[in-house]
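# A structural walkthrough
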Amino acid sequence: QVQLVESGGGSLQPGGSLTLSCTASGSVFAIETMGWYRQTPGNQRVLVASGTSKGRTDYADSVKGRFIISKDSAKNTVYLQMNNLKPEDTALYYCKLGITTGPIAFDDYWGQGIQVTVSS
């Protein structure tokens, strides 16, 4: 059993910075893959940042140079550092982690979603 809890969302003005956290609890051996998605009403959930245990990261064009995905394995926590936020970044943000829970077992897990609102 694994649960993901997201935190760090909120409202702020354009140009500000915010860091989201996604903490896994339960039978976590290791976080192997990580991703942050966002969704706005009436639209599909889209991937904005991803990473692997090898340190490789990738970003959607809309956030490149502004967002950074990272992991603290000791805390079973993944972060999304968001800089120079824009109104178009307003969305519900979800983390998705690929987690090993045993010698062989591996599954993807989703966070509950957390709101980020950027407005003047």
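## Focus on the overall build of the protein
Along its length, the protein carries zero helices and 11 strands. For the protein, the succession of helices and strands along the chain, N to C, is β-β-β-β-β-β-β-β-β-β-β. The C-alpha radius of gyration computed for the protein amounts to 14 Å, which stays within 12% of the reference 14 Å derived for 120 residues, consistent with globular compactness. Taken along the three principal axes of its C-alpha coordinates, the protein extends 50 × 25 × 25 Å. Accessible surface, the protein as shown: approximately 6,400 Å² in total, 49% of it carbon and sulfur. Mean positive and mean negative side-chain charge positions of the protein (10 and 9 charges, respectively) differ by 3 Å.

## Some points on the sheet that holds strand β7 (residues 67–72)
Read from one edge to the other, the open sheet built from four strands follows the order β1-β3-β8-β7, with strand pairing classed as antiparallel. Pairing within the sheet leaves two strands with one partner each, and these edge strands are β1 (2–7) and β7. Taking the axes of each pair of neighbouring strands and ignoring which way they run, one obtains an average angle of 15 degrees across the sheet. Note that β7 and strand β8 (residues 77–82) share six bridges and pair antiparallel. Paired with Asp 72 across the two strands is Thr 77, which belongs to β8.

## Things to note about the side chain of Asp 89
Residue placement: Asp 89 occurs in the loop between β8 and β9 (91–100). Those residues within four positions of Asp 89 in sequence are excluded, and the remaining contacts are Arg 38, Val 63, Arg 66, Phe 67, Asn 84, Val 116 and Val 118.

## Digging into the side chain of Glu 6
Of note, Glu 6 is situated in strand β1. Among buried Asp, Glu, Lys and Arg side chains, Glu 6 stands out as unpaired, with Arg 45 the closest opposite charge at 7.7 Å. Setting aside residues no more than four positions away along its own chain, Glu 6 makes contact with Ser 21, Cys 22, Trp 36, Tyr 93, Tyr 94, Cys 95, Gly 111, Gln 112, Gly 113 and Ile 114.

## Comments concerning the packing of aromatic side chains
Two measures describe an aromatic ring pair: the distance that separates the ring centres and the angle between the ring planes. This structure, assessed with the given rule, holds two aromatic pairs. Centroid distance Tyr 37 to Trp 110: 4.9 Å. Interplanar angle 55 degrees. Geometry classified as tilted. Here Tyr 37, found in strand β4 (residues 30–39), pairs with Trp 110, found in strand β10 (residues 106–110); they are 73 residues apart in sequence, far enough to count as distant. Between the aromatic rings of Tyr 94 and Trp 110, the centroid separation amounts to 6.4 Å while the plane-to-plane angle is 85 degrees, which identifies the pairing as edge-to-face. Of the two residues, Tyr 94 sits in strand β9 while Trp 110 sits in strand β10, which places them 16 residues apart along the sequence. Tyr 94 gets classed as buried once you look at its relative accessible area, which sits at 10%. Residue Trp 110 is classed as partly exposed on the basis of its relative accessible area of 39%. The ring of Tyr 94 is capped by Arg 45, whose NZ or CZ atom sits 3.5 Å from the centre of that ring. The residue whose ring lies beneath Arg 45 is Trp 110, and the NZ or CZ to ring-centre distance is 4.8 Å.

Parameters at a glance
- Residues numbered from 1 in each chain as written.
- Predicted model: local features only at pLDDT ≥ 70, side-chain atom pairs only at ≥ 80, totals over all residues.
- Heavy atoms only, no water.
- Helix = DSSP H or I, 4+ residues; strand = E, 2+ residues; numbered from the N terminus.
- Rg over C-alpha atoms; globule rule 2.2 N^0.38 Å.
- Areas by Shrake-Rupley, 256 points an atom, 1.4 Å probe, with all protein chains shown as cover.
- Lys, Arg positive; Asp, Glu negative; His and termini not counted.
- Charge placed at Lys NZ, Arg CZ, Asp CG, Glu CD.
- Pairing = 2+ DSSP bridges.
- Axes fitted to C-alpha atoms, helices over the stretch in contact; angles between N-to-C directions.
- Contact = heavy atoms within 4.5 Å.
- Buried < 20%, exposed > 50% of the residue type's maximum accessible area, 1.4 Å probe, protein only.
- Salt bridge = Lys/Arg side-chain N within 4 Å of Asp/Glu carboxyl O.
- Phe/Tyr/Trp six-rings, centres within 6.5 Å; stacked < 30°, edge-to-face > 60°.
- Lys NZ or Arg CZ within 6 Å of the ring centre and 35° of its normal.

Function-wise, these values are silent; they only describe arrangement.
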